[in-house]
Amino acid sequence: HPTLFADVASLGFLRSDDGGGHWTPVALETTNIRSLLSGGAQEPNTLYVLDTLELRGALDISLDNGATWSARPLTAGILAVAAGRPATLYANGTTSSAVGPGNDDSLQRSTDRGLTWTTLLHVTGGTLSSIGTDPADPQRVVVSHLQLDADSRVTTEILWTADGGTTWHPGDLSPQPAFIGKILPDPLVPHGFLAGTSTGAFASADGGATWSPLGIGLPGAFTQLSLDPSSPTTVYAATQGGGVYRLERKAP
């Protein structure tokens, strides 16, 4: 059975080694987990926890599947592990999700599991809401920036880089959604990405530059996407008020 982890408000951070039959506390003192990420197929026993307890930002790291942990300071609202490179992390620079003048954010990268960080991007007037990385190209990163448009409406713009953050370009995702929940690499398309937004699911086949609706049949509602780890052609979409959908695609 795979090892499962759960953050339960009344019980804390729990672990199951029998597929969910029994649960035991994890030796990590935290009650406010913002993100729990793994090292993927390359490092299945590596775990990263973004802890925002009482605005005391921390990155908790385990290299032995949760048996022991070490902590490093990190004040961030989102965390991403580079696809195919489990020692490389991306994070934003604030726990705030405020949008409007005076609210700034940044994209940071660490290649040593959070020991040191380099700033790749500054954004103004809002906050970063998601980070996507390309497993085939470590220089390509896609982020979403929550901001206000010219009419003071909340929208999210896509920004992408193909040179490791030296230059950034806006992606064409029209009309601009109010929110993008998660950006995932597309396992079927080289340099492709998938995104769940407040108006449905979208896909990019050119590294984040242009986007089009993903499949048909989804309601135009807030959508979160996930990939089936055992089937690269299967995408799941959880929609607000509309249920869970499955999309079966054909491999190229």
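Student: Please explain the sheet that holds strand β20 (residues 223-227) as it appears in this structure.
Tutor: Picture the strands of a sheet paired through backbone hydrogen bonds; they go either parallel or antiparallel. Across the sheet, which stays open at both edges, the three strands sit in the order β20-β21-β22 with antiparallel pairing between neighbours. Of all the strands in the sheet, the pair left with one neighbour each is β20 and β22 (243-248). Taking the axes of each pair of neighbouring strands and ignoring which way they run, one obtains an average angle of 25° across the sheet. Here five bridges tie β20 to strand β21 (residues 234-239), and the two strands are oriented antiparallel to one another. Within β21, the residue paired with Ser 226 across the bridge is Tyr 236.

Student: Looking at this structure, I do not really get the nonpolar core. What am I missing?
Tutor: Most often, soluble globular proteins keep nonpolar side chains buried together rather than apart. Membership of the largest hydrophobic core comes to 14 residues, with the highest contact counts inside it found for Tyr 90, Leu 107, Leu 121, Ile 131, Val 141, Val 143 and Trp 168. Contributions of two or more residues to this core are made by β11 (118-124), β12 (127-134) and β13 (137-148). Looking at this core, the element that brings in the most residues is β11, giving three residues. Setting aside residues up to four positions removed in sequence, Val 143 forms contacts with Leu 107, Leu 121, Leu 128, Ser 130, Ile 131, Glu 157, Ile 158, Leu 159, Trp 168 and Ile 183.

Student: Could you clarify how one ought to interpret the sheet that holds β12 in this entry?
Tutor: Sheet architecture is open: four strands sit in the order β12-β13-β14-β15, paired in antiparallel fashion. Single-partner strands in this sheet number two, and they are β12 and β15 (169-170). Taken together, the eight bridges between β13 and strand β14 (residues 154-161) define a ladder with antiparallel strand orientation. Within β14, the residue paired with Val 141 across the bridge is Thr 161.

Student: Any chance you could explain the pattern of salt bridges here in plain terms?
Tutor: In a structure, side chains of opposite charge can pair up when their charged atoms sit close to one another. Following the criterion strictly, the structure yields eight salt bridges and no others. For Asp 137, the salt bridge is made with Arg 140, and the minimal N-O distance between the two is 4.0 Å. By relative accessible area, which is 18% here, Asp 137 ends up buried. Overall, the relative accessible area of 13% leaves Arg 140 in the buried class. A salt bridge links Arg 153 to Asp 149; the shortest N-O distance between them is 3.0 Å. If you follow the salt bridges from partner to partner, you end up with Asp 134, Asp 137 and Arg 140 in one network.

Student: Before we go on, may I ask you to explain the packing of aromatic side chains in this structure?
Tutor: Two measures describe an aromatic ring pair: the distance that separates the ring centres and the angle between the ring planes. In the structure shown here, the tally under the stated rule is three aromatic pairs. A connected cluster of aromatic rings, assembled from ring pairs, spans Phe 5, Phe 13 and Trp 69.

Student: How do you make sense of the environment of Leu 115 when you look at a structure like this?
Tutor: Mapped onto the secondary structure, Leu 115 falls in the loop between β10 (104-110) and β11. When the C-alpha atoms of Leu 115 and Gly 207 are compared, they prove to be 28 Å apart, with 92 residues separating the residues in sequence. What Leu 115 contacts, discounting residues up to four positions off in sequence, is Arg 72 and Ser 110.

Student: In this structure, what is going on with the environment of Gly 77? I would like to understand it.
Tutor: Position of Gly 77 among the secondary structure elements: in the loop between β7 (70-73) and β8 (79-81). Overall, the relative accessible area of 10% leaves Gly 77 in the buried class. Taking the C-alpha atoms as reference, Gly 77 lies 5.8 Å from Thr 94; in sequence the two are 17 residues apart.

Student: Quick question: what am I supposed to make of unusual backbone geometry here?
Tutor: Both trends apply: most residues other than glycine have a negative phi, and most peptide bonds are in trans. A cis amide bond links Ser 174 to the next residue, Pro 175, at an omega of -10°. For Pro 175, the position within the fold is in the loop between β15 and β16 (180-185). For Asn 65, which is not glycine, the phi torsion reads 60° and is therefore positive. Relative to the assigned elements, Asn 65 resides in the loop between β6 (58-62) and β7. The exposure class assigned to Asn 65 is buried, which follows from its relative accessible area of 12%. Within the chain, Ser 152 stands out as a residue other than glycine whose phi angle is a positive 65°. Tracing the backbone through its elements, the reader meets Ser 152 in the loop between β13 and β14. Residue class for Ser 152 comes out exposed when judged on its relative accessible area of 56%.

Student: Mind showing me how you'd approach the environment of Pro 213 here?
Tutor: Mapped onto the elements, Pro 213 comes out in strand β19 (residues 212-213). Considered as a pair, Pro 213 and Thr 199 are 14 residues apart in the sequence and their alpha carbons are 9.7 Å apart. Beyond its immediate stretch of four places on either side in the chain, Pro 213 contacts Ala 201 and Phe 202.

About the cut-offs
Residues numbered from 1 in each chain as written. Predicted model: local features only at pLDDT ≥ 70, side-chain atom pairs only at ≥ 80, totals over all residues. Heavy atoms only, no water. Pairing = 2+ DSSP bridges. Helix = DSSP H or I, 4+ residues; strand = E, 2+ residues; numbered from the N terminus. Axes fitted to C-alpha atoms, helices over the stretch in contact; angles between N-to-C directions. Core = buried A, V, L, I, M, F, W, Y, C linked by side-chain atoms within 4.5 Å. Buried < 20%, exposed > 50% of the residue type's maximum accessible area, 1.4 Å probe, protein only. Contact = heavy atoms within 4.5 Å. Salt bridge = Lys/Arg side-chain N within 4 Å of Asp/Glu carboxyl O. Phe/Tyr/Trp six-rings, centres within 6.5 Å; stacked < 30°, edge-to-face > 60°.

Note that every value here comes from positions in space, so none of it alone points to a role or purpose.
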